[in-house]
Amino acid sequence: MKVIDLRSDTVTRPGEAMRDAMYAASVGDDVYGEDPTVNALQRRLADDLGFEAGLFVPSGTQSNLLALLAHCERGDEYIVGMDAHTYKFEGGGAAVLGSIQPQPIVQAEDGSLPLDRVAAAIKPVDPHFARTRLLALENTWHGRTLPLDYLREAGELARAHGLGYHLDGARLFNAAVARGVPAREIARHFDSVSVCLSKGLGAPVGSVLVGTQALIDKARRWRKVCGGG
Ligand SMILES: *Cc1c(COP(=O)(O)O)cnc(C)c1O
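Read on for a plain summary of the structure.

Conventions and cut-offs
Residues numbered from 1 in each chain as written. Predicted model: local features only at pLDDT ≥ 70, side-chain atom pairs only at ≥ 80, totals over all residues. Heavy atoms only, no water. Near = heavy atom within 4 Å. Polar contact = N/O pair within 3.5 Å; in protein donor to acceptor, adjacent residues only side chain to side chain. Areas by Shrake-Rupley, 256 points an atom, 1.4 Å probe, with all protein chains shown as cover. Helix = DSSP H or I, 4+ residues; strand = E, 2+ residues; numbered from the N terminus. Nonpolar A, V, L, I, M, F, W, Y, C, P; charged D, E, K, R; others polar. Contact = heavy atoms within 4.5 Å. Buried < 20%, exposed > 50% of the residue type's maximum accessible area, 1.4 Å probe, protein only.

Considering the site of the ligand
All residues adjacent to the ligand are S59, G60, T61, N64, H85, E90, E138, D168, A170, R171, C196 and K199. Take G60: an N or O atom from its main chain is 2.8 Å from an oxygen atom of the ligand. At 2.8 Å from an oxygen atom of the ligand is found a side-chain nitrogen or oxygen belonging to R171. Summarising the interface, the protein chains cover 81% of the accessible area of the ligand, which totals 380 Å² for the free molecule. Of the residues forming the shell around the ligand, the biggest block, three residues, is contributed by helix α3 (residues 60–71). When the residues that make up the shell around the ligand are grouped by side-chain class, the tally is two nonpolar, five polar and five charged.

Some details on the environment of V205
Of note, V205 is situated in the loop between β6 (192–196) and β7 (207–211). Linking V205 and I216, residues 11 residues apart in sequence, is a C-alpha distance of 20 Å. The residues touching V205, leaving out its near neighbours within four places in the chain, are P58, L197 and S198.

Details of unusual backbone geometry
Among all residues save glycine, negative phi is the norm, and among peptide bonds the norm is trans. For the peptide bond that leads from N139 to T140, omega is 5°, which places it in the cis range. By secondary structure assignment, the location of T140 is in the loop between β4 (131–138) and α7 (148–160). Unlike most non-glycine residues, S99 shows phi in positive territory, near 50°. For S99, a relative accessible area of 34% puts it in the partly exposed group. The phi dihedral of H142 falls on the positive side, at around 50°, and the residue is not glycine.

Geometric values such as these leave the question of function open.
Written out as structure tokens, the structure reads:
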């Protein structure tokens, strides 16, 4: 009997063509920026999604962590969904490793963070408060996709308050298929996007973080600190 394992889309495996491609890939030292395959992958994702630069990392958890560390400093805060992966399923890494405080918001049914709640959670500049620096969304979230209008409005709110805007797009390509738009139509609203290669795409490991060159330079340094070089 042929069993289809539906526990997670992480149990997907590379096919023959992917194994052949891995076997034949040109490789080099990525810490020196000399792995031609990694460089091509980073370039490809950055170009496809409309960003200056990309960074290959071992996991989606590390990709999101590096984004948070690159957007925020010690004592800063990010606004995030109560059931979002970056808050609930990453071991509290932003707080543990980055001294970054999460400000969770209860998500609506579709996974959006109600914008009046987000606005109310942005702290005034005052020594009593952590400095609110970032709004982090997730798309898809539990199989649901965020409306494109919502992505634009949330981005406008973030920008109006000087916040960065990050997307945990572990399944960005699923969201793009579901919405019938190119992935960059979703990604373009954000300052940084993390995508998983190991979710249904069959890659054994890895995620790519895309953003501005300056943000990716910071993330690259943090990747080394996190042991992801
Ligand atoms: C899987 C997943 C991640 C993290 O990926 P890992 O590679 O398992 O660390 C992040 N965000 C979401 C929404 C995910 O589903």
